[in-house]
Amino acid sequence: MTPLPKCYISVHKSPEKTILPHPFNHLVDLLLPTDLYRLISNDLGSSPTLSKPLQWHRLSIPLSAIVETGFLTKYIKTGNVLMLSRGRIDIDNVFSLNDGILRLSLTKEAYEKTGLTGQPTRFGNTGPRKKHNRHLVEINLRDPAMLHGKKGFDRIVWSFQNKLNKKVDFLFCDLDQQKNHTDCPILAALGATTARQVQVPEVTSSSLVRVPSFDSPLGSVLQGGGTSLGAEYNREVWRDWAMHVYEWLALANLGPADRIIAGDNIDSYLSTYAVDQGEYEGEAGMGLTRVRFRGVIPASWILGVWRDVEKLVAPVSIGNRKEWFSLTVHGLENSPISWDRSAHGSMTGGENGYTLLSIPRKDEGNAECVKILTFEVVGSQDEHS
Amino acid sequence: MEAEMIDIPPQPKEPQESSQFLQRITIKNPEYSYSHLKMIFDPPLDTAGVVDAITWRTTLTNSLMQYLGVVGSAIRIDILHIEGGEAVLRLPTTDMVKFGAAVSGFVGTSEGRSIGFKTLGNSAFLMGLIGRAREEDIWDGFGG
């Protein structure tokens with residue numbers, strides 16, 4: 001039995017704690033009711049985050065290009081970039097760079113050839129005899145000792161020039177591009193010809209779909225209540241509700257999926273899936289809009305989008321009620337880390353991503369407030385907790 | 001997620017979620033898992049046609065019957081979404097391993113064509129499949 005992936009569900013976790021530590025993202029889906037989208041779409045387009053262009057590049061360069069003085073000074077010492085090389089994390093050599101830290105996830109052969117010091121990787125070492133097949137070398141390029149002329153650094157440069165000297169496909173995103181957005185000669189020299197835009201979304205509006213209840217069933221709780229059978233039941237009900245909502249969000253992001261479309265009446269022989277509809281839109285259903293961003297997407301930009309949407313949605317109420325919206329982010333499967341410094345592998349599935357759902361509800365004083373539900377999913381090989 | 005019968009306890013009068021403290025749970029054994037499959041025809045279909053739900057269901061039943069017999073055909077499969085020759089399916093997590101083996105080894109025939117499946121992704125969480133299916137695009141067309 002292969003290990004299964006995990007899903008963490010949190011309530012009242014602040015969005016920045018989920019968004020910011022997760023650097024390598026490739027797909028962001030914003031999902032909201034079409035009525036709400038129509039109201040905010042103009043303002044959203046001119047919001048601080050979305051109105052500025054955001055670019056990313058593809059580079060085909062050898063590792064040694066990263067440690068050349070020009071690149072090192074501009075993009076690592078003074079700037080900040082995000083880079084990830086192509087390859088499968090458990091099989092190939094994979095290189096990543098974020099916040100000045102270069103991570104080399106190496107096969108046994110490559111590790112022995114380079115002669116750099118590293119640790120056995122957390123994942124990918126589960127052979128029959130538990131041999132250390134893969135190693136992770138972490139180099140903090142912002143360290144003051146990382147300068148040309150210093151012994152340790154020259155050793156690294158030597159192995160990049162002589163051992164790991166093949167050209168590698170990199171994804172590249174400059175996190176400081178708002179400051180120095182003019183075309184950079186260093187990048188041009190490295191052959192980064194086409195810049196790709198992130199901030200132009202792909203917007204799809206759907207026909208009417210069935211929407212589940214975003215209020216957890218009465219009496220159900222996330223945690224607590226003791227060990228009695230009744231309390232266990234209440235927790236069970238909450239879990240089932242949360243998983244149902246999560247499953248529905250995924251179905252809605254699929255396009256939406258056939259089974260949640262309002263007019264769908266499939267035979268139970270083919271599918272028994274049913275949406276637990278709440279008081280939201282009743283039988284008629286609700287139109288949904290998905291705003292999809294693709295590319296190498298920096299975490300701070302995602303937080304910006306979330307904040308912008310939050311701000312725009314706050315004053316809006318449709319038919320006496322506040323509206324919900326959700327943001328789903330998918331991480332790159334083959335990055336050596338998922339959140340922060342948590343090691344990441346991808347044996348049976350390298351999914352690492354999260355969904356934030358903002359639900360309006362009334363608090364005790366009957367005032368409107370917002371509850372944020374966070375779903376974080378990691379594959380079976382991931383340290384994130 | 002056991003399916004035991006439990007007497008429904010009396011409902012507490014007020015919802016107990018008033019605290020603003022962080023609360024968190026971990027789901028390790030979800031009830032369902034999901035599979036993203038593509039049906040492969042050889043020779044390929046002339047029309048770039050959609051494979052309908054009935055075809056999916058019967059072909060899947062055939063493959064499970066072939067590999068596991070009657071036990072296999074009893075696995076409950078929900079067809080959640082169909083797009084072209086691809087489908088997203090939901091089935092009980094406990095049957096996932098058997099199912100994976102059955103579809104990957106299956107070769108059937110229909111109207112002179114042989115049919116097989118290609119597994120595009122499996123996950124215990126549907127959201128995980130969406131990210132995986134789309135990731136290749138970002139790496140494609142390098143140098144372009």
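Thresholds applied
Residues numbered from 1 in each chain as written. Chains lettered and ligands numbered in written order. Predicted model: local features only at pLDDT ≥ 70, side-chain atom pairs only at ≥ 80, totals over all residues. Helix = DSSP H or I, 4+ residues; strand = E, 2+ residues; numbered from the N terminus. Rg over C-alpha atoms; globule rule 2.2 N^0.38 Å. Buried ≥ 20, exposed ≤ 12 C-beta atoms within 10 Å, placed from the backbone. Contact = placed C-beta atoms within 7 Å. Pairing = 2+ DSSP bridges. Axes fitted to C-alpha atoms, helices over the stretch in contact; angles between N-to-C directions. Domains from an automatic or database assignment. Nonpolar A, V, L, I, M, F, W, Y, C, P; charged D, E, K, R; others polar. Core = buried A, V, L, I, M, F, W, Y, C linked by C-beta atoms within 7 Å. Parallel < 35°, antiparallel > 145°, perpendicular 65-115°, else oblique.

### Focus: the overall build of chain A
Item 1. Along its length, chain A carries eight helices and 15 strands.
Item 2. Over its C-alpha trace chain A gives a radius of gyration of 24 Å, about what one expects of a compact globule, namely 21 Å for 385 residues.
Item 3. For chain A, the spread of C-alpha atoms along the principal axes amounts to about 70 × 55 × 45 Å.
Item 4. Counting all 385 residues of chain A, 44% fall into the buried class.
Item 5. For chain A, long-range pairs separated by at least 24 residues make up 76% of all intrachain contacts whose partners lie at least 6 apart in sequence.

### Looking at the overall build of chain B
Item 1. Looking only at helices and strands, chain B features four helices and six strands.
Item 2. Going through the 144 residues of chain B one by one, you find that 30% of them count as buried.
Item 3. Taking the contacts inside chain B whose residues are at least 6 apart along the sequence as the reference set, 66% of them involve residues at least 24 apart.

### Remarks on the sheet that holds strand β4 (residues 86-92) of chain B
Residue and element names in this part refer to chain B.
Item 1. Pairing within the open sheet is antiparallel, and its five strands lie in the order β3-β4-β2-β6-β5. Each end of this open sheet is capped by a strand with a single partner; those strands are β3 (78-83) and β5 (108-110). Adjacent strand axes in the sheet meet at a mean angle of 35° when their direction is disregarded.
Item 2. Helix α3 (residues 96-104) rests against β2 (32-42), β4 and β6 (113-123) of the sheet, and its axis sits at about 145° to β6.

### Things to note about the environment of Asp154 of chain A
Item 1. Within the secondary structure layout, Asp154 of chain A lies in helix α5 (residues 151-162).
Item 2. With 51 residues separating them in the primary sequence, Asp154 of chain A and Ser205 of chain A have C-alpha atoms 55 Å apart.

### Considering the interface of chain B and chain A
Item 1. Counting residues at the interface gives 45 residues for chain B, matched by 56 residues for chain A.
Item 2. For the side of chain B that touches chain A, the secondary-structure elements that each account for two or more residues are β1 (23-27), α1 (53-68), β3, β4, β6 and α4 (126-139) of chain B.
Item 3. At 10 residues, the largest contribution of residues to the side of chain B that touches chain A is made by α4 of chain B.
Item 4. With five bridges joining them, strand β1 (residues 6-11) of chain A and β1 of chain B adopt antiparallel strand pairing. Opposite Tyr8 of chain A, over in β1 of chain B, you have Thr26 of chain B as the bridge partner.

### Some details on the pairing of strand β6 (residues 101-107) of chain A
Residues and elements named next belong to chain A.
Item 1. With respect to burial, β6 is a largely interior element, five of its seven residues being buried.
Item 2. Relative to β6, strand β5 (residues 94-98) is paired through five bridges, and the arrangement is antiparallel. If you follow Asn98 over to β6, its bridge partner there is Ile101.
Item 3. Counting the residues in the hairpin turn of β5 and β6 gives two residues, including Asp99, whose phi is positive at 50°.

### Side note on the domain arrangement of chain A
Interfaces are frequently sized by the accessible area removed from exposure as the parts join.
Residue and element names in this part refer to chain A.
Item 1. Looking at chain A, the domain boundaries give domain 1 (6-54 + 199-378) and domain 2 (55-197).
Item 2. Here domain 1 and domain 2 have C-alpha centroids that lie 34 Å from each other.
Item 3. A per-class count over the side of domain 1 that touches domain 2 returns 12 nonpolar, eight polar and one charged.

### Here's the deal with the environment of Ile261 of chain A
All names here are of chain A.
Item 1. With respect to the secondary-structure elements, Ile261 resides in the loop between α7 (229-253) and β12 (286-297).
Item 2. The class for Ile261 is partly exposed, based on 17 C-beta atoms found within 10 Å.
Item 3. When the C-alpha positions of Ile261 and Gly287 are compared, they lie 9.5 Å apart, and in sequence the two are 26 residues distant.
Item 4. Those residues within four positions of Ile261 in sequence are excluded, and the remaining contacts are Ser207, Val209 and Pro256.

### A closer look at the nonpolar core
Item 1. Core analysis: the biggest nonpolar cluster contains 121 residues, and Leu30, Leu251 and Ile302 of chain A have the highest contact counts within it.
Item 2. No other element matches α7 of chain A, which puts nine residues into this core.
Item 3. Counting contributing residues per domain, this core is built from domain 1 (6-54 + 199-378) and domain 2 (55-197) of chain A, each supplying no fewer than three.
Item 4. Residues contacting Leu251 of chain A, with those up to four places away along its chain left out, are Pro256, Ala257, Arg259 and Ile260 of chain A together with Leu80 and Leu126 of chain B.

### Topic: the packing of α1 of chain B against α3 of chain B
Residues and elements named next belong to chain B.
Item 1. At a minimum axis separation of 9 Å, α1 and α3 run at an interaxial angle of 100°. Taken together, the axes of α1 and α3 are roughly perpendicular relative to one another. Of the residues in α3, those in contact with Ser63, Leu64, Tyr67 and Leu68 of α1 are Lys98, Ala101, Ala102 and Val103.
Item 2. Of the residues that constitute the contact of α1 with α3, the class distribution is six nonpolar, one polar and one charged.

### Comments concerning the pairing of strand β3 (residues 55-62) of chain A
All names here are of chain A.
Item 1. Pairing analysis gives two bridges linking β3 to strand β10 (residues 196-197), with the strands arranged antiparallel. If you follow Trp56 over to β10, its bridge partner there is Arg196.
Item 2. Pairing geometry for β3 and strand β9 (residues 167-174), over six bridges, is antiparallel. Opposite His57, over in β9, you have Phe172 as the bridge partner.

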